[in-house]
Each structure stands twice: as C-alpha cells, then as structure tokens.
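Geometric and topological summary
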Amino acid sequence: MEIVCKVGFKMYLNCVPTISALDDKSCTLVLEENPFNENVELPAEAMDNGLWYSNVYCGILRGCLEMVQLDIGACFVSDVLRGDETTEIKVTLNKILDEMVPASED
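Criteria and thresholds
- Residues numbered from 1 in each chain as written.
- Predicted model: local features only at pLDDT ≥ 70, side-chain atom pairs only at ≥ 80, totals over all residues.
- Heavy atoms only, no water.
- Salt bridge = Lys/Arg side-chain N within 4 Å of Asp/Glu carboxyl O.
- Helix = DSSP H or I, 4+ residues; strand = E, 2+ residues; numbered from the N terminus.
- Pairing = 2+ DSSP bridges.
- Axes fitted to C-alpha atoms, helices over the stretch in contact; angles between N-to-C directions.
- Contact = heavy atoms within 4.5 Å.

With that settled, consider the pattern of salt bridges. Throughout the structure, instances matching the rule amount to one salt bridge. Here Lys6 makes a salt bridge to Glu2, at a shortest N to O gap of 3.9 Å. A residue pair is termed a helical-turn pair when its members lie 3 or 4 positions apart in one helix, as Lys6 and Glu2 do in helix α1 (residues 2-13) at four residues.

This part covers the sheet that holds strand β3 (residues 70-78). Read across the open sheet, the four strands follow the order β1-β2-β4-β3; overall the sheet is antiparallel. The sheet is open, and its two borders are formed by β1 (18-23) and β3, each paired with just one other strand. Mean inter-strand twist for the sheet, computed between neighbouring axes without regard to direction, equals 25 degrees. Pairing of β1 with strand β2 (residues 26-31), which is carried by five bridges, proceeds in the antiparallel orientation. Residue pairing for β2: Ala21 is matched across the bridge by Cys27. Contacts from helix α3 (residues 56-66) reach β2, β3 and β4 (87-96) within the one sheet, and its direction differs from that of β3 by about 165 degrees.

See the structure below:
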C-alpha cells in the first residue's frame, strides 16, 4: 500500500494519503486533500440515497491491485463531502490470486 500511495496517488492525483494499519490484512487510507472534492457540493438527497462522490477511488484501487495478483475490498468510511472531518477509505486484502496461464499456452 505504501507504493500505491506514495507513487500512484502522487503521480495521478498529486496527493499522498496517510496509511494507518488496522491489522495484517487491512488498513485505512486517510486523504487530507481530495482533488475530487474541489468545486463540488452534494445535495442532501444525494447523500440520503447513498452517493459517495469519490467512490471511483475504490474501483481504481481494486483494479490496479488485481493487476499485481491481489484481490482486495475497498470501501469509504467517511468523506468530507458528506460532512465528515476526514476522507477515509478502508482497504482489506481478501486473498492473493494465483497466476493464471491461458489453456492454449502450456
């Protein structure tokens, strides 16, 4: 996660989240600055319907870590746009994927 945060987030979003480890298989990423929050204001009915505006981060994390054979779960814990003090994403390692070789390439 340190490499993803220090390199990936910095390169693509120009921000580096703080990592707080919960245990061996999960951690929380705290974003002090969220580029997606600039010039955005969520209406109350959007929050009531469960909209997490920056939820694309969770999909990006799942996709990039799957490319290096890690199956993870990612979900938002809190978001500044929803009135919370910080933006936090909980990341949990589900399993390490086995290397799959296509059947035609024995």
